Each structure stands twice: as C-alpha cells, then as structure tokens.
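# Inside the fold
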Protein chains: 2
Amino acid sequence: MDRATDMSDTDELLSIRAAELYYEENQTQDEIGVILRLTRWKVGRLLASAKANGFIRIEIVHPRARRLPIERRLRESTGLTDAIVVSSAGVSSEVELQSRTAQAAADFLTSLRPIPRTLGISWGRTLHDVSLHLKQGWAPGVNVVQINGGVSLHQRTGTAASTAVTIAHKADGSATLLPSPAVFERLETKQAMEADRAVAGVLDLARNAQAYLFSAGQADANSALVDSGFLTVEQIDDLVSRGAVGDVVGRYIDANGRIVDPELNERTVGIQIDQLRRAPLTIAVISGNDKHAIARAVVRNGLCTVLVTDEDTANALLQEKDTL
Amino acid sequence: MDRATDMSDTDELLSIRAAELYYEENQTQDEIGVILRLTRWKVGRLLASAKANGFIRIEIVHPRARRLPIERRLRESTGLTDAIVVSSAGVSSEVELQSRTAQAAADFLTSLRPIPRTLGISWGRTLHDVSLHLKQGWAPGVNVVQINGGVSLHQRTGTAASTAVTIAHKADGSATLLPSPAVFERLETKQAMEADRAVAGVLDLARNAQAYLFSAGQADANSALVDSGFLTVEQIDDLVSRGAVGDVVGRYIDANGRIVDPELNERTVGIQIDQLRRAPLTIAVISGNDKHAIARAVVRNGLCTVLVTDEDTANALLQEKDTL
DNA sequence: GGGATTTTTGCTCATGTGAGCGAATATCGG
DNA sequence: CCGATATTCGCTCACATGAGCAAAAATCCC
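The structure reproduced in this document is the subject of the present report. (Residues numbered from 1 in each chain as written. Chains lettered and ligands numbered in written order. Predicted model: local features only at pLDDT ≥ 70, side-chain atom pairs only at ≥ 80, totals over all residues. Heavy atoms only, no water.)

Residue and element names in this part refer to chain A. Judged by pairing direction, the sheet is parallel, and its seven strands sit side by side in the order β2-β11-β10-β6-β3-β4-β5 without closing on themselves. In this open sheet, the two edge strands, each paired with only one partner strand, are β2 (82–86) and β5 (174–176). Ignoring strand direction, the axes of neighbouring strands in this sheet form an average angle of 20°. Looking at chain direction, β2 and strand β11 (residues 306–310) are connected through five bridges and run parallel. The residue bridging Ile-84 from the neighbouring strand is Val-308, located in β11. (Pairing = 2+ DSSP bridges. Helix = DSSP H or I, 4+ residues; strand = E, 2+ residues; numbered from the N terminus. Axes fitted to C-alpha atoms, helices over the stretch in contact; angles between N-to-C directions.)

Our focus in this paragraph is empty space enclosed by the protein. Residue and element names in this part refer to chain A. Inspection of the entire model under this criterion finds four cavities of 30 Å³ or more. In this structure, the largest cavity spans a volume of roughly 50 Å³. In this structure, the largest cavity is lined by Gly-250, Arg-251, Tyr-252, Ile-259, Val-260, Asp-261, Leu-264, Asn-265 and Thr-268. Secondary structure elements with two or more residues in the lining of the largest cavity: β9 (251–254) and α12 (262–266). Of the residues assigned to the lining of the largest cavity, the class counts are four nonpolar, three polar and two charged. (1 Å grid on protein atoms, 1.4 Å probe; cavity = no way out; pocket = protein on both sides within 12 Å on 5 of 7 lines; lining within 4 Å. Points joined across faces, edges and corners; volume = space filled by probe spheres on them. Nonpolar A, V, L, I, M, F, W, Y, C, P; charged D, E, K, R; others polar.)

For the rest of this paragraph, the subject is the protein's contact with DNA strand D. Surveying the vicinity of DNA strand D reveals the residues Tyr-22, Thr-28, Gln-29 and Arg-40 of chain A together with Thr-39, Trp-41, Lys-42 and Arg-45 of chain B. The sugar-phosphate share of atoms of DNA strand D within 4 Å of the protein amounts to 55%. Thr-39 of chain B is positioned with one of its side-chain polar atoms (N or O) 3.4 Å from a phosphate oxygen of DNA strand D. Between DNA strand D and Lys-42 of chain B there is a distance of 3.0 Å, counted from a phosphate oxygen to a side-chain nitrogen or oxygen. In terms of residue count, the dominant contributor to the surface near DNA strand D is helix α3 (residues 40–52) of chain B (three residues). Split into classes, the residues belonging to the surface near DNA strand D amount to two nonpolar, three polar and three charged. (Near = heavy atom within 4 Å. Polar contact = N/O pair within 3.5 Å; in protein donor to acceptor, adjacent residues only side chain to side chain.)

Residues and elements named next belong to chain A. Where helix α1 (residues 9–24) contacts helix α2 (residues 29–36), the axes come no closer than 10 Å and their chain directions differ by 130°. Taken together, the axis directions place α1 and α2 in an arrangement best described as oblique. For α1 against α2, the interelement crossing comes out right-handed. Between α1 and α2, the residues in contact are Leu-14, Arg-17, Ala-18, Leu-21 and Tyr-22 and Gln-29, Ile-32, Ile-35 and Leu-36, respectively. Here the contact of α1 with α2 is composed, by residue class, of seven nonpolar, one polar and one charged. (Parallel < 35°, antiparallel > 145°, perpendicular 65-115°, else oblique. Left-handed = near helix turned anticlockwise from the far one by under 90°. Contact = heavy atoms within 4.5 Å.)

In the neighbourhood of DNA strand C, the contacting residues comprise Thr-39, Trp-41, Lys-42 and Arg-45 of chain A together with Tyr-22, Thr-28, Gln-29 and Arg-40 of chain B. Near-protein atoms of DNA strand C (within 4 Å) split between backbone and bases, with sugar and phosphate holding 52%. Contact distances for DNA strand C include 3.4 Å between a base oxygen and a side-chain N or O atom of Trp-41 of chain A. Thr-28 of chain B places a polar side-chain atom, nitrogen or oxygen, 2.9 Å from a phosphate oxygen of DNA strand C. The biggest single contributor to the surface near DNA strand C is helix α3 (residues 40–52) of chain A, with three residues.

Here we come to the relation of the copies chain B and chain A. Put simply, the second copy of the chain is the first one after a rotation about an axis and a shift along it. Each copy of the sequence occupies a distinct position, and chain B is placed on chain A by a rotation of 180° and an axial shift of 0.0 Å, giving an RMSD of 0.0 Å. Put plainly, the chains are arranged around a two-fold axis. Ranked by how close their C-alpha atoms come to the rotation axis, the residues of chain B are headed by Ile-58 of chain B, at 2.3 Å. Most of the interface of chain B is mirrored in chain A, where 100% of its interface residues again form contacts. (Least-squares fit on C-alpha atoms with pLDDT ≥ 70 in both.)

Residues and elements named next belong to chain B. Within the fold, Ser-223 resides in the loop between β7 (216–218) and α10 (224–227). Since its relative accessible area comes to 5%, Ser-223 is described here as buried. Filtering out sequence-adjacent residues up to four positions away, Ser-223 remains in contact with Gln-218, Ile-236, Asp-247 and Tyr-252. (Buried < 20%, exposed > 50% of the residue type's maximum accessible area, 1.4 Å probe, protein only.)

Residue-level contacts link 26 residues of chain B with 26 residues of chain A. Between chain B and chain A lies a buried interface of about 2,800 Å² when both sides are counted; carbon and sulfur atoms form 53% of it. Of all residues in chain B, the largest losses of buried area upon contact with chain A belong to Glu-24, Arg-57 and Ile-60 of chain B, amounting jointly to 22% of the total for that side. Scanning the region where chain B abuts chain A turns up six salt bridges. Along the contact surface separating chain B from chain A lie 16 residue pairs in polar contact (both at pLDDT 80 or more). In terms of residue count, the dominant contributor to the side of chain B that touches chain A is helix α1 (residues 9–24) of chain B (nine residues). Class assignment for the residues of the side of chain B that touches chain A results in 13 nonpolar, one polar and twelve charged. Where strand β1 (residues 56–60) of chain A and strand β1 (residues 56–60) of chain B come together, five bridges link them in antiparallel fashion. (Buried area = accessible area lost by both parts, 1.4 Å probe. Salt bridge = Lys/Arg side-chain N within 4 Å of Asp/Glu carboxyl O.)

This brings us to the packing of helix α8 (residues 187–195) of chain B against helix α9 (residues 197–207) of chain B. Residues and elements named next belong to chain B. One can describe the packing of α8 onto α9 by two numbers: an axis separation of 5 Å at closest approach and a directional angle of 80°. Between α8 and α9, the angle falls in the class roughly perpendicular. Across the interface between the two elements, Met-193, Glu-194 and Ala-195 from α8 touch Arg-197, Val-199, Ala-200 and Leu-203 from α9. In the contact of α8 with α9, the residues fall into five nonpolar, no polar and two charged.

Here it is, written out as structure tokens:
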C-alpha cells in the first residue's frame, strides 16, 4: 500500500507540526505559517497532504453515530437498497455494539416512508432489543405480524410474543401472533396446525406483509432455537457439518442461501426464505463478531434489501468483496 | 462531569447526523442544511455543539505527533520551561512509545538554540535510544560529557560509553567519558578515584556543562543499575522500602526528591542531584507506564527544566495536580 | 551544460464558515 | 393570561480557506 501523496521527510514532519497547531491549538493557517516560517498556502497544502496520507483521524464518538462512507460502499458493492452501519468508536463491549445496532434499526423504522401498514417480524434477542429502543408513537398504527413460530417449549412464552406486541403497541397498532412452536417434531402435526383456520390466516397475513423486519442467528450452540428447546446442540452440529452458517426466520441456510436440511425446513413454521427474496422491503438487523458469516449469506443471496449492522460486520462484508 | 452545552435530545441526534455528513462525507454546511431541512446557520451551531460536547475526536496518528495542549497544561501547572509530549495514538507497544519519546528528545536537541557547547549526559536504554535517533550533523560540534559513572562490571563496556560517543560523533563533536563504575563498594576507593587528575577533570567538566540530558529509572528489579551489577535486587528492595521511587544519574530519590540512602549516595560517582536543580537547562527523557512515579518526583522537585515524555505519563502528572 | 519537463511556489478569486447582533420565539413567574 | 426574561433564530459581515493558474524552481535527459 503506497502513500497517497509523495512527500519529503521534512515536509511530512512539517505537516504533522502544522496539524498539531491547526487541530489541537486551533491556530489559523496564517498563524501557523508565521510559527513554522512558511507561507499560509504552503501550510494549507501540508494540512491537505496530512489528511490525504491518513495522518488525521476524525472519529464521531456517539452511540448514534453511523459510518456513512461504509454504508455507501456497501450499497454500491452489494446492491442493497439501503445500509445502516453503526460506528464502533468508543464501544467497550459487544453488547453495547448490539444495542447501538438495535437503536439504529429502531431509528430506521421510525423514519421509514411510506409507513408499512403490515410489518412481518421474526423474533430473538436482537429484535427484542429493537422493540425496546422504539419510541412510543414511532408510527401511527402498524399491524405487526409474526412470520415464524416462536412459542417456546420450556421458557416463559413471553419472548417472541412480547417483541411483536411491544412494537405494535408503541406504534398504536395491533399485533397478530403466530401461536405455534418454531419447529414441530412431526411433519403431520405441523401440517395439521397450518390447516387450522386461525393459523392459516396468520400465515397468509405474514406472506402478504408490506415489509419484513428480521434478524439472523449464527449456527452454534448459543442459537435461540437451542435456548428455546426446538433444536439440540447435536442437531446444530449436524447442520454445521452440512454447511449451515446460520438461521433466518428459523430456517438454516448455507453460504449460498440454500436450505441445508429440507426435511427440517418442512417441519419449520413460518414464511419461506423465498418469500423474503421476493419481498420489496426486507430489513435485516445483524450485529456481532460471530455473525459475519450469516450476515454474508443474507446479503450475498438477496435475502434483505436493507441491512442494519455494525462497523466491523460491514467491513468484513466489504473485505470479501475486495478479494473476489 | 456536565455537558459542555445543553442540548435537546433531538438536537444532539441532529448534531451527530450533521457531523457525519460534514466530516465523513465532506458536505458543506449548506448542503447538510438541505438534507436535514435546517438553515446552514443551525447546522453550523449543531457542529459547534458536537465539538463542544466532545463527540468529535480528532487524532493525529503519526510517530512524530505531539500533544500540544497537554504540553501547555504541563508547562503551566509545573513551571517547566518546556514540555514535549508525544502522542500515544496508534502505538501498539510500550517499546514503540519509548522509541517515539526518544525521537522527540532527539528532535528537541536538534532544534535547541543556542546550541550548548558542552552537554552532560547520563546513560541507559532511553538515552541510548535518543543517540540512535539523532541525525548525523544534528549540531555543529558539541562536547558530550558523561555525568555519572557507568563502566559496567560484567557487561561489555559499550553501553554507557557508546551513547556518549554516538551523540558526540553525530554532532561532529567530542565525547569525554567518565571511566568509572557507577557505584563503588568502598567509599575510600571512590574517593581515591575522584582524586585522580583525569577523573577529577571529567567531573569538573560535567559540573560545568551548559546543558544536561538524562533519563531516570524506576526503582525495581529491572533497573539498569541491577542489570549492570552495581546493585542487587535486595538492595533495591531495601531502597524501595525506604521510600525510593527511582534513580536519577545513578542516585535514588524519594517522592520529595530527597536522597534515600546518603551512604550509598556517597559511594556513587557523578554529579550531585543538586547540580541538576541549579542548572539552567536540564532535559529529562522519561517514558513508560512504570515510570510515572519517578517522573513525578523529577518534575515536582525541579530536577529538570525540560521534560520529554509520553502522553500517558504526562496525563498521570496532570492528574495529580488536579487532585492536590 | 542546456533545453524540456515536471514539480513547487505565490497568488487571485470564489466560496465556506464563525462572530456578533437584533428579531422572533419560547419559557417562566406572577 | 400576560408581561418579563431567557433562548433560539436568521442574518450581515469579516475572515479563513480551497480551487485554479501562471511564474519560478527543480529535475531530468540528451
């Protein structure tokens, strides 16, 4: 990697001295010229070269700070409609970064125009976070529909349902829950469930939502599907060995966006992956160092049109593009 | 600690959005005004408040970068004639930071006016580093005089002498070495040594140097005096238990700048601490996290008029001043 | 060494930006 | 509810700064 600008050694040193006086001491280029015995134009050029060589680092340190240049590069290289990248400047923990990402997703939802009448959502820690960051009255009435099953087997039933209810409540809208486990053990049970008028109606609503909001899980033992008891660690290991990188709306996909285990997929309740591919507005919220692989799979295979993520994940995505 | 400027929550968020467009996307305040539906004056004010609240962090990332505001605060709060503080932005190791400090000391020496005809120096890793960073021809002839004994007992004799010789050589000047151990075991031997015409002459020269350049060592087992075999770890432990924080020109002092062990001090060859206190130009080069205590002792007790150090050490010094 | 080419320099000019100041607006206390 | 006070706003003006350009200097190459 070469220097942006060729510079003599003494000029480089001078540019640093000038930068110190300019940025730290708020001196004018004129004044700096007097101090360093240079014309003010020379000082201007030195400062420009210091910037060009990357010696001047400007960071916006704030929980709501985004990285617009990275967002732009992501949009350009992936064809995403929109990309929201939160800055990791000054974060001390992964949790904090995920909170920032959730906040950004909430901000994005709030500023979304036109406001979707029906919003399909998945569930999980990330979306729950988003729901908490939304402000009361963020939208004037939205019907929130669950797009995949989530009634937990041994946890309190709250998690999944409360996310939908909270988002809807804060929008002065209504929530339509999908009263079903994420995965059935037997295909027949699942089919029977789907045949039920009420459930079928919810699924129909889910399939016709104007917008989707979902997260994704890394394929490992910490998955929400394991936590909730729908899958065992052994099952996950098996999926991983068959190429799974993570799950989207409860369905495990590989790096190419393909369903890893069609039989398992059949037993999973909710909209299909292809539904996301065809939808005009699908917002994925993915943050954390262990989610780079699944984020890549989601973005590369057109599963979302909008990605809300953190700086590190975004950079990882861009990195791959470069080395293609 | 309060906010610099009171700001409503929405204004704070706007100031971040404005900052992103201004600093990351190089938009003009006018253009930002159009995007955010604000007047350009409002944008200017938002940017100003973002700065005032510390959301904008500007760092100069370069091995030669200094921290002028810290230097100024150090000068003001300690009465130092000059303070050179190197930035720790982007350093990955303590060694790198010490190298930066040594470079800064070399830079300071090079730009020193008037050029001292005789320069008294101590020895050690730090000063050796400084000698290596000096450029050939940094000064037109300087007589470099060793101000404390340093002929090692069991290492190759090089270390101490080579520092002096290198500094002198690069200035097209001459080096006057003090051919003596740092510490004698018996007072009589030391006195006999000092009585020798040659040695007495060197000491006389040392006492009359126009400027002094020295470093300082933390009082612990890694001390150069232990390395060189002049003191044992047990002796250091004893000194520490009696309040020693470190050594300057081979002499151990406590936080108040007092000699900790007068008897040991008597057996130590070189100029006295008081000589430094009286000299008009004494340059101390001290860097590293374990040298905060000795740096404090040196500065607080007027042992140097110029301090060359790193950002962290400087901040530690300022911290204490605040809590006085 | 000297002419050609590139780089650097000093400058004009147009634009961007912060200080300062009334006018408008919001906030508060009675 | 209304007058008093504080805050914010829009604007003028002066200054700081980057773009662009011709002259000067340095470098290259025969």
